[in-house]
Amino acid sequence: MINFRRENKIFLIIAIVATIPALVSKYFPAVDSPSHLEIANVLSSLLANPQEDFFSNYFELNPTLIHTNWLFYLLPSLLIKYLPAFVVEKIIVFLYILIFILTGKIISKLYQTQINIAGFLLIPLVYNFPLHTGFYSFLFGLELSFLTIAYYLYFQDKWQFTNSIIFFFLFNLIYLFHPFTFAMTLVILYPYSLYPTLIKYYVTEKFTIKLIPKILKIITQNSNILLYALPGILCLLLTLLDFDAVTSEYERDTFFQLLKILGGFYFLWSYSPLEIIMGMILILFVSILFMIILQKKLKRFPTEKKIEHKDGLILSWLLCLILYFLSPDNFAQGGNLNIRISVYLYFLMVVWLGYQIHQKRFILLIKYFSMSLFTILLIFNAFKSIQISNFIEEYTSVTPYVKENSTIISFNLIEKGLNFDDEVISNRRGIGHVTGYIAVATNSINLGNYQSTRDNFPIKFRSEINPQTLLIAEPPKIIEYNQTQGKIDYVLLWGASYAKNKELLKSIKEELNDNYHLIYTSSKRGLAELYEINS
């Protein structure tokens, strides 16, 4: 019998240790995070005083709330006026880490008579590509999605009225965090709920064309999951019917690239190939286990005819696999769908394996293997957090020179993140949108906040002053924007001396000549240059 008290202590220790990379540095390196904090700051001001002159001149509340990831912003918008932005960011990351580890612990309750391997196999994923990209809404939605799936699996054989209320609440709450995680939860739980009936038909009747109407009847009649998720489904349909919100692209590179993404290797890649290697080891290990046990189970099935409801996870896994190949990479102004689907494929594999593997020695081997990968990745992420935070501190050193209630635009002139001479700090994740920290600290507006130009965030730039057309263009038209739409008080150049695109740098400097003057250059490496508009 599993010792739950001992396992509780283990997961508590893991949760505490897992917060180290977020503690060791002032700033947590998550590309979109400063933009989210900036949105929370503007949202807080607009909600407190809708007619407030400064922010209301540039922003408006997004009228299309039905497809915005607004639930995530409640906490930061409450805290951002009382705490520094980097502290609010740490609170968000702490909550994410604690809930992620707690999710692994809760999954252990699915396996009441054996050691929990699924929870341990999830732990190495805690620091991942979406986290370091700042996809907070997706990650909190992902955690709630996992918890909702686990809740259904645990109570399905002892369902009561209170379970229905809780499940309904959990299921539809996912949508308010992220529509994609809601859709994936539906994709997993609906076929899973149909599995026992469908497999009985497979066992008792030989499959013919005449059987198809019966199967379709089963699918339509067994619609309990659809009823539970009905509010979220209606919201999702209304979102998809909004023509402006739906854009899609199919991006498939080489077959090897496809396999890497499909296998989930990229889910861990934030900084360097080391994470890709760790991801490959983890995914290949789990996939081989999964395929070996599945092959043995399929081999026994024709003779044993043994139907287990938990095997419905295989049906859900197959559907997710098909969905991966059919889905675009970018859809409804969201990207990286392949990476997001791959983590569900991994989740379904480890949860199903938890029901199948009973040998104590093998379970202990899996636990030690998982914890070893987690430790390596944790040390690596702590090191990178310190290294990148050092650059972010140089970037934000311009903050004291920016006046309150100003407007600022920044241009990152270093390609592929943080590469200086022969020193490669990050192959993939760079400084990103750090200007958001400056905007929050000075209660200013970052005109480069791309999220405020989209439909799936709580605030939007007013159409008449939307900087997307002039400032995001290449080359940016700073003077034209000042003359026709708004006013840019400060221009921040990052890494001008390392710029590879000399034509872009030249065009920006020409825009600044006679209109702006240099007021500050960062002392560490001279990477940050702040220009103020002439009086």
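The structure displayed is predicted, hence computed values, not measured ones.

The next point concerns the overall build of the protein chain. When its secondary structure is counted, the protein chain shows 23 helices and 11 strands. Classification of the 535 residues of the protein chain by burial places 56% in the buried group. Expressed as a percentage of contacts within the protein chain between residues at least 6 apart in sequence, the contacts between residues at least 24 apart total 79%. A total of about 23,900 Å² of accessible surface is found on the protein chain, and carbon and sulfur atoms cover 63% of it.

Following the criterion strictly, the structure yields 2 cavities of 30 Å³ or more and no others. For the second largest cavity, the calculated volume is near 40 Å³. Residue lining of the second largest cavity: Pro124, Val126, Tyr127, Phe374, Leu377, Leu378 and Asn381, and that is the complete set. Residues that form the lining of the second largest cavity fall into these classes: 6 nonpolar, 1 polar and no charged.

Further remarks concern the environment of Ile39. Structurally, Ile39 is set in helix 3 (residues 33-48). We classify Ile39 as buried; its relative accessible area is 0%. As a C-alpha pair, Ile39 and Val440 span 401 residues in sequence and 9.0 Å in three-dimensional space. Setting aside residues no more than four positions away along its own chain, Ile39 makes contact with Tyr73, Asn449, Gln451, Ser452, Phe457, Pro458 and Ile459.

The next point concerns the packing of aromatic side chains. For the coordinates displayed, the defined rule picks out 33 aromatic pairs. When the centroid spacing of 5.6 Å and the interplanar angle of 35° are considered together, the rings of Phe72 and Tyr136 count as tilted. With Phe72 in the loop between strand 1 (59-61) and helix 5 (74-79) and Tyr136 in helix 9 (residues 136-155), this residue pair connects regions lying 64 residues apart in the sequence. Neither Phe72 nor Tyr136 differs from the other in exposure class; each is buried. In textbook terms, an aromatic cluster arises when at least three aromatic residues are bridged by ring pairs, as seen for Tyr151, Tyr152, Tyr154, Phe155, Trp159, Phe167, Phe171, Tyr175, Phe182, Tyr192 and Tyr228. A cation over a ring is seen here: Lys26 above Phe86, with NZ or CZ 5.0 Å from the ring centre. Across from the ring centre of Phe135, 4.7 Å away, lies the NZ or CZ of Arg340, which sits over that ring.

What follows concerns the sheet that holds strand 7 (residues 445-446). Ordered in space as 7-4-9-11-10, the 5 strands form an open sheet in which the pairing is mixed. Two strands close off the open sheet at either side, each with one partner strand: strand 7 and strand 10 (516-521). Those strands touched by helix 23 (residues 502-512) are strand 4 (407-412), strand 9 (490-494), strand 10 and strand 11 (528-533), and its axis lies near 155° from that of strand 9.

One can find Asn163 in helix 10 (residues 161-177). Residue class for Asn163 comes out buried when judged on its relative accessible area of 5%. Contact partners of Asn163, with chain neighbours within four places excluded, come to Tyr151, Phe155 and Lys158.

Along any regular strand the residues' side chains alternate between the sheet's two faces. Most of strand 9 sits inside the fold, with 5 of its 5 residues counted as buried. Side chains Tyr490, Leu492 and Trp494 project from strand 9 onto one buried face, and the interleaved Val491 and Leu493 project onto a second face that is buried too. Relative to strand 9, strand 4 runs parallel, the two sharing 5 bridges. Bridging from a neighbouring strand, Asn412 pairs with Trp494 of strand 9. As paired strands, strand 9 and strand 11 are joined by 5 bridges and run antiparallel to one another. Pairing of Val491 across the sheet is with Tyr531, part of strand 11.

Definitions and cut-offs
- Residues numbered from 1 in each chain as written.
- Predicted model: local features only at pLDDT ≥ 70, side-chain atom pairs only at ≥ 80, totals over all residues.
- Heavy atoms only, no water.
- Helix = DSSP H or I, 4+ residues; strand = E, 2+ residues; numbered from the N terminus.
- Buried < 20%, exposed > 50% of the residue type's maximum accessible area, 1.4 Å probe, protein only.
- Contact = heavy atoms within 4.5 Å.
- Areas by Shrake-Rupley, 256 points an atom, 1.4 Å probe, with all protein chains shown as cover.
- 1 Å grid on protein atoms, 1.4 Å probe; cavity = no way out; pocket = protein on both sides within 12 Å on 5 of 7 lines; lining within 4 Å.
- Points joined across faces, edges and corners; volume = space filled by probe spheres on them.
- Nonpolar A, V, L, I, M, F, W, Y, C, P; charged D, E, K, R; others polar.
- Phe/Tyr/Trp six-rings, centres within 6.5 Å; stacked < 30°, edge-to-face > 60°.
- Lys NZ or Arg CZ within 6 Å of the ring centre and 35° of its normal.
- Pairing = 2+ DSSP bridges.
- Axes fitted to C-alpha atoms, helices over the stretch in contact; angles between N-to-C directions.

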